[in-house]
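Geometric and topological summary
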Amino acid sequence: MSVSTAAIDPSVCAPLPVLGQDVTVPLVTGGEVTYAALDYAASAPALQRVWDDVAAYAPYYGSVHRGAGYLSQLSTDLFENSRRAVAEFLGCRAEDQVVFTRSTTDSLNLLAAAIPANCQVFVYETEHHASLLPWRDAQVTYLNAPRTPGQAVETLERALADRDPYGPALVCVTGASNVTGELWPVKELAAAAHAHGARIVLDAAQLAPHHPVDIAELDVDWVAFSGHKLYAPFGSGVLAGRADWLQAAEPYLAGGGASRKVARRADGGVDVDWHTTAARHEAGSPNVIGVYSIASACKALTEAGFDSLVAREQELVSRVRAGLAEVPEVQVLSLFGDDAPRVGVISFVVRGWNSSHFAAALSAEYGIGVRDGLFCAHPLVRTLLGSDPQDPGECGAPEAEPGERSLNAIRVSFGAGTPDEHIDRFLRAVTELVREGAQWKYRTEDGRCVPDRGEVARTV
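Read on for an overview of the structure. (Residues numbered from 1 in each chain as written. Predicted model: local features only at pLDDT ≥ 70, side-chain atom pairs only at ≥ 80, totals over all residues. Heavy atoms only, no water.)

1. Description of the state of the cysteines
- Within the structure shown, the criterion is met by zero disulfides.
- Looking at Cys 172, it has no disulfide partner, and the nearest cysteine sulfur is the one in Cys 119, 11 Å off. (Disulfide = S-S within 2.5 Å.)

2. Digging into the layout of surface pockets
- Here the largest pocket is characterised by a volume of approximately 900 Å³.
- Broken down by secondary-structure element, the contributors of at least two residues to the lining of the largest pocket are strand S1 (24-26), helix H3 (104-114), helix H11 (355-366), strand S15 (368-369), strand S16 (371-373) and strand S19 (448-456).
- Within the lining of the largest pocket, the residues separate by chemical class into 23 nonpolar, 16 polar and eight charged.
- Estimates place the volume of the second largest pocket at around 340 Å³.
- Lining the second largest pocket are 22 residues, and of these Leu 19, Ala 37, Ser 43, Ala 44 and Pro 45 lie nearest its centre.
- Grouping the amino acids of the lining of the second largest pocket by side-chain chemistry returns 14 nonpolar, seven polar and one charged. (1 Å grid on protein atoms, 1.4 Å probe; cavity = no way out; pocket = protein on both sides within 12 Å on 5 of 7 lines; lining within 4 Å. Points joined across faces, edges and corners; volume = space filled by probe spheres on them. Helix = DSSP H or I, 4+ residues; strand = E, 2+ residues; numbered from the N terminus. Nonpolar A, V, L, I, M, F, W, Y, C, P; charged D, E, K, R; others polar.)

3. Some details on empty space enclosed by the protein
- Evaluation of the coordinates by the stated rule reveals one cavity of 30 Å³ or more.
- Estimates place the volume of the largest cavity at around 30 Å³.
- Taken together, Pro 209, His 210, Phe 306, Leu 309, Val 310, Glu 313, Gly 415 and Ala 416 make up the full set of residues lining the largest cavity.

4. With respect to the packing of aromatic side chains
- Scanning the entire structure with this criterion turns up eleven aromatic pairs.
- Pairing Phe 348 with Phe 358 gives two aromatic rings, centres 6.4 Å apart and planes at 90 degrees, and the pair type is edge-to-face. Remark: Phe 358 occurs in helix H11 and Phe 348 occurs in strand S14 (residues 345-350); sequence separation between them is ten residues. Assigned by exposure class, Phe 348 and Phe 358 land together as buried.
- A centroid spacing of 6.1 Å and a plane angle of 65 degrees characterise the contact between Phe 348 and Phe 426, whose relative ring orientation is edge-to-face. (Phe/Tyr/Trp six-rings, centres within 6.5 Å; stacked < 30°, edge-to-face > 60°. Buried < 20%, exposed > 50% of the residue type's maximum accessible area, 1.4 Å probe, protein only.)

5. Quick word on the nonpolar core
- Core analysis: the biggest nonpolar cluster contains 85 residues, and Leu 90 and Phe 225 have the highest contact counts within it.
- A per-element tally of this core places helix H9 (residues 288-304) first, with eight residues.
- Ignoring sequence-local partners within four residues, the contact set of Leu 90 consists of Val 213, Asp 214, Ile 215, Val 223, Phe 225, Val 238 and Ala 240.
- Leu 316, Ala 359, Ala 429 and Tyr 442 belong to the second largest nonpolar core, which has 36 residues in total. (Core = buried A, V, L, I, M, F, W, Y, C linked by side-chain atoms within 4.5 Å. Contact = heavy atoms within 4.5 Å.)

6. Structural notes on the pattern of salt bridges
- In total, this model carries 25 salt bridges according to the counting rule given.
- Across the salt bridge formed by Asp 244 and Arg 242, the nearest N and O atoms sit 3.6 Å from each other.
- Take Arg 242: its relative accessible area is 30%, and that puts it in the partly exposed class.
- Measuring nitrogen to oxygen at the nearest pair gives 3.0 Å for the salt bridge that ties Asp 271 to Arg 265.
- Arg 265 gets classed as partly exposed once you look at its relative accessible area, which sits at 32%. (Salt bridge = Lys/Arg side-chain N within 4 Å of Asp/Glu carboxyl O.)

Next comes the structure, spelled out in C-alpha cells:
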C-alpha cells in the first residue's frame, strides 16, 4: 500500500473543523494557551460536521426496527442508511455484512467468537492488544516482528504452509501500526493468506482515519475499526466483511433483536430462530447515535476529498520527522525504516529523559497533549526498544522518577483536524526541552508524572 502526494498541493487543503479547537488550558508556568491535541491515535476529536449532524437528529431520537411510530421509523431508516454509507465507504462487496459494535476491540472479539472450531489464528507480535488477545479459544501462532514488508509476507507464507492440521485459518493484521504509523502490506498479506486457504481480518483502527480502505481492492475478508478514531464520538465500531462465519456462529449476545422467533417447547424449554442478517450479532437496543455519527464521519471525509486530506497529512508527517531528526537525542521508533510509508502516528524516545516526564512537560509547560507508555502494544514497543520481556513497564506512567530511564515511549499523532501551529509548537517544545530542560520539577503521583506545584526547575 503506497501513499502518493505528487498530484496534490497540500496547501489547498485546510484542516477540517473539529470540536475543541478553541479550548484553552492552563500552563504550570502561568497563563493559558490553546490546547494542541496531538493524541489522535488514542481518540481523534469529533468533526464539527459530525456533531452538527448528531445534534440535528437528536430531537428525533427513537428506538429502531420494531416501533410503529414516526420517530422509530425515521430512526430505523437512518440506522440502516448508515449501514449502507459505511459499506460504501469501505468498498464492501455485495455479499458482505456490516455489523455495528462498540469498538475495534469489540469487533475483533465478535469475530473471535465466530471462528469455526479448530481454526488456527496467525497474528504478529506487533499488533495492538485488541488484535493480539481475543483469540483465547483458538490455536494461536504468534509471528515475530518483521523488519521489512517483504519479510512480513514471507514469514506469513512459511507459517501458513507449515500448519498442521491443514484446516480453517485466520490471519489478523493491522493496516497501520498504532506505534510507528507504518503501513503494512495488506494486499500482499491477503494474497498470501488466500493462497494457503486462510482468511484475513484487517485491523483498520489506525488506517481508516488516515487513508482510504477498500475491502474489495485489498481483498481482505473482514475490516474492523472504531468510530472514536474516525472523528466520531465514543461507543461505536464496525466489523464488515464476509457473512458465512458470522451467520453460522451463535449470536455474540443473546437477546432481543438477534432473535427472529422464540417459542416454548412442550418440555418447557425454548426454541430460538436467530436472524441470519447483521442483526444476529446486534442484540439489544443499538447505539443509533453512535452508528449515525460513524456514517456522518465517513461522508464528511469522502466529501472533503480523502486524497487531499492524505496529502496534507503526509506533509505534516514529513515536517515532524524532519524536525525530530534535527534533535540528536531523539530516536524515532520504526520497524521498516525511514523510507516506509506511514500515517500521522510517530513514536520516539529522548535520550536522558523518562518518557512520562517528557510527555508531562509537553502538557504542563506547552499545552500539548501526546501519549506515553507502551500504547497497548507491549510486545512491539519492547521489541523496538530492545528490551527483555521481563523488564518493568506498562501502559501509562511507570514508577520511574523523572529523569530515570523508563521502558516506554512518547507518541505524537495527528490528522485531518490538526492545524500547522500545533505541529510548529510541538517541534519547538521538543527542541527547548531537550536543549534547556523542563522549567518545572515533576514527581510521580498515583502512577502519573505530574508537576510539583511551586517547584521551579529553571528560570526563563
